[in-house]
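Take a look at the letters that make up each chain.
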Amino acid sequence: MSELKKYFQRFGYLSIPDNQNDSFTDVFDAQFESAIILYQKKFGLPVSGKLDSQTISTIMSPRCGVSDTGPKLHATKHFAYFYGRPRWVRGSPMTLTYAFSPSNIIDYISLAGIRAVFQRSFSRWASVIPVNFTEIEDYGSANIKIGFFSGDHGDGEPFDGVLGVLAHAFSPENGRLHLDEAETWAVDFGKEKSKSAVDLESVAMHEIGHILGLAHSSVKEAVMYPSLRPRSKKVDLKLDDVEGVQALYGSNPNFKYSSLLESEYSSNKAIGLHYRPCSCTFSWLLLVFSLLFMIT
Ligand SMILES: [Zn+2]
Ligand SMILES: [Zn+2]
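Residues numbered from 1 in each chain as written. Chains lettered and ligands numbered in written order. Predicted model: local features only at pLDDT ≥ 70, side-chain atom pairs only at ≥ 80, totals over all residues.

### Thoughts on the environment of Leu 38
Part 1 of the argument: Following the sequence through the fold, Leu 38 ends up in helix H2 (residues 30–42).
Part 2 of the argument: Overall, the presence of 18 C-beta atoms within 10 Å leaves Leu 38 in the partly exposed class.
Part 3 of the argument: Sequence separation of Leu 38 and Leu 14 is 24 residues, and the distance between their C-alpha atoms is 9.4 Å. (Helix = DSSP H or I, 4+ residues; strand = E, 2+ residues; numbered from the N terminus. Buried ≥ 20, exposed ≤ 12 C-beta atoms within 10 Å, placed from the backbone.)

### Structural notes on helix H4 (residues 111–126)
Part 1 of the argument: For H4, with 16 residues, the first-to-last C-alpha span of 22 Å sits near the 22 Å given by 1.5 Å per residue.
Part 2 of the argument: Within H4, burial applies to Ile 114, Val 117, Phe 118, Ser 121, Phe 122 and Trp 125. The arc enclosing the buried residues of H4, seen along the axis, measures out at 125°, which places them on a common side. Of the exposed residues in H4, the ones pointing more than 90 degrees away from its buried face are Ala 112 and Ser 123. (Expected span 1.5 Å × (residues − 1). Arc of directions from axis to C-beta.)

### Side note on the confidence of the model for the protein chain
Part 1 of the argument: Of the residues in the protein chain, 83% have a pLDDT of 70 or more, and the chain-wide mean is 86.
Part 2 of the argument: Confidence drops under pLDDT 50 across residues 70–74; counting only partners more than four residues distant or on other chains, this segment forms nine contacts.
Part 3 of the argument: The low-confidence segment residues 268–296, where pLDDT is below 50, has 19 contacts with residues more than four positions distant or belonging to other chains. (pLDDT = per-residue confidence, 0-100. Contact = placed C-beta atoms within 7 Å.)

### Examining the packing of H4 against helix H5 (residues 200–212)
Part 1 of the argument: Running from amino to carboxyl end, H4 crosses H5 at an angle of 45°, the nearest separation of the two axes being 9 Å. Between H4 and H5, the crossing angle belongs to the class labelled oblique. The handedness of the crossing between H4 and H5 comes out as right-handed. Every residue of H5 that contacts H4 at Val 117, Phe 118, Arg 120, Ser 121, Phe 122, Arg 124 and Trp 125 is listed here: Leu 200, Glu 201, Ala 204, Met 205, Ile 208 and Leu 212. (Axes fitted to C-alpha atoms, helices over the stretch in contact; angles between N-to-C directions. Parallel < 35°, antiparallel > 145°, perpendicular 65-115°, else oblique. Left-handed = near helix turned anticlockwise from the far one by under 90°.)

### Quick notes on the nonpolar core
Part 1 of the argument: Of all hydrophobic cores here, the largest spans 47 residues; its most connected members are Leu 166, Val 203, Ala 204 and Ile 208.
Part 2 of the argument: The greatest single-element share of this core, amounting to seven residues, is contributed by H5.
Part 3 of the argument: Setting aside residues up to four positions removed in sequence, Leu 166 forms contacts with Pro 62, Arg 63, Cys 64, Asp 180, Glu 183, Val 198, Val 203 and Leu 228.
Part 4 of the argument: The next biggest cluster of nonpolar side chains, apart from the first, holds nine residues, and it includes Phe 8, Phe 11, Tyr 13 and Leu 14. (Core = buried A, V, L, I, M, F, W, Y, C linked by C-beta atoms within 7 Å.)

### Side note on the environment of Asp 241
Part 1 of the argument: Looking at the secondary structure, you find Asp 241 in helix H6 (residues 239–249).
Part 2 of the argument: Asp 241 sits 32 residues away from Gly 209 along the chain, and the two C-alpha atoms are 8.2 Å apart.
Part 3 of the argument: Setting aside its immediate chain neighbours within four residues, Asp 241 contacts Phe 79, Gly 209, Ala 222, Val 223 and Met 224.

### A few points about the pairing of strand E2 (residues 131–135)
Part 1 of the argument: As judged from the five bridges shared by strand E1 (residues 94–100) and E2, these two strands associate in the parallel manner. Paired with Met 94 across the bridge in E2 is Val 131.
Part 2 of the argument: Handedness of the crossover joining E1 and E2 through H4: right-handed. (Pairing = 2+ DSSP bridges. Right-handed = clockwise from strand over helix to strand, strands pointing away.)

### Some words on the UniProt feature "binding site: Zn(2+) 1" (unreviewed entry) in the protein chain
Part 1 of the argument: The sites that carry the UniProt feature "binding site: Zn(2+) 1" (unreviewed entry) are, in the present numbering, His 153, Asp 155, His 168 and His 178. With the annotated positions falling across 26 residues, the maximum pairwise C-alpha distance of 12.1 Å places them together in a single cluster.
Part 2 of the argument: Relative to the helices and strands, His 153 is located in the loop between strand E3 (144–149) and strand E4 (167–169).
Part 3 of the argument: By C-beta crowding, His 153 is classed as partly exposed, having 16 other C-beta atoms within 10 Å.
Part 4 of the argument: Discounting chain neighbours no more than four positions away, the residues touching His 168 are Cys 64, Gly 65, Val 66, Glu 157 and His 178. (UniProt positions renumbered as here; feature names shortened; annotations may be inferred.)

### Points about the sheet that holds E4
One key point about sheets: their strands pair by backbone hydrogen bonds, in either a parallel or an antiparallel sense.
Part 1 of the argument: Read across the sheet, five strands follow the order E2-E1-E3-E5-E4 without closing on themselves; strand pairing throughout is mixed. The two strands at the open ends of the sheet, each matched to only one other strand, are E2 and E4. For this sheet, the mean angle separating the axes of adjacent strands, direction not counted, is 20°.
Part 2 of the argument: As judged from the three bridges shared by E4 and strand E5 (residues 176–180), these two strands associate in the antiparallel manner. Within E5, the residue paired with Ala 167 across the bridge is Leu 179.
Part 3 of the argument: Packing against the sheet, H4 makes contact with E1, E2 and E3, and its axis sits at approximately 170° to E2.

### Structural notes on unusual backbone geometry
Part 1 of the argument: Residue Ser 92 is joined to Pro 93 through a cis peptide bond whose omega torsion reads 0°.
Part 2 of the argument: Note that Pro 93 resides in the loop between helix H3 (53–60) and E1.
Part 3 of the argument: The omega angle of the peptide bond from Pro 172 to Glu 173 is -5°, so this bond is cis rather than trans.
Part 4 of the argument: Here the phi dihedral of Arg 85 falls at roughly 55°; this positive angle occurs in a residue that is not glycine.
Part 5 of the argument: Mapped onto the secondary structure, Arg 85 falls in the loop between H3 and E1.

Structure below.
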């Protein structure tokens, strides 16, 4: 119970009561119940206030390391922003540069492969807002700094090894985008057979959203939803993501809502088929369950 309370604290749902000397008790108290309710609302789950199976399996899903609520985060039923609604401020149209860390990089995917993943991801975001993204060589001077890091890497947000937290990024205009080096990153599930493989492009899409100023959405299909199952892909921006980011930067003059709505309709049908739980997902969840308790 105290481990779960720590998890809720880590992601912004629970604070330690003053009279408990920096630790949590194993008691299911009213505060814990309200944390569960907040969590269920944020993840679009049935709000029971109980640790039901759906809630537990969501907790066990690998996720982004960015906190969901924060002290005064403006939380709605859909997209959200960081406190103070920070955004990049430049002339319009805006150009932001990005670079890959020359030392913190993985070698089992080629640099060309990694660059292509990020190029596609940045251009999906650029197609909806008047912002251009350009890759440059010089990591030190780039607006957006991308790298693979392991464990404690000096920014106060240590990574936790395989699954659990996959990546994190900071709000504008910080620009740091960090991926957990310990994951089995994949660009092609046909080639990468590991059961715990994580799709690099889906995580890139999500973390770029943070870089631009979006916090976590409670819309399950949105790119900005906090968790992602291993061996699953979610790379297309949904209406919720687009509305969120356009409220910060305005619309790209070439962007058309109609094309988005069409793709939304077809992908929703695909999601409907995809979301039926199967025994393989369940055994996988058990695996993550045991991993999570090994690492905490
Ligand atoms: Zn996130
Ligand atoms: Zn980091």
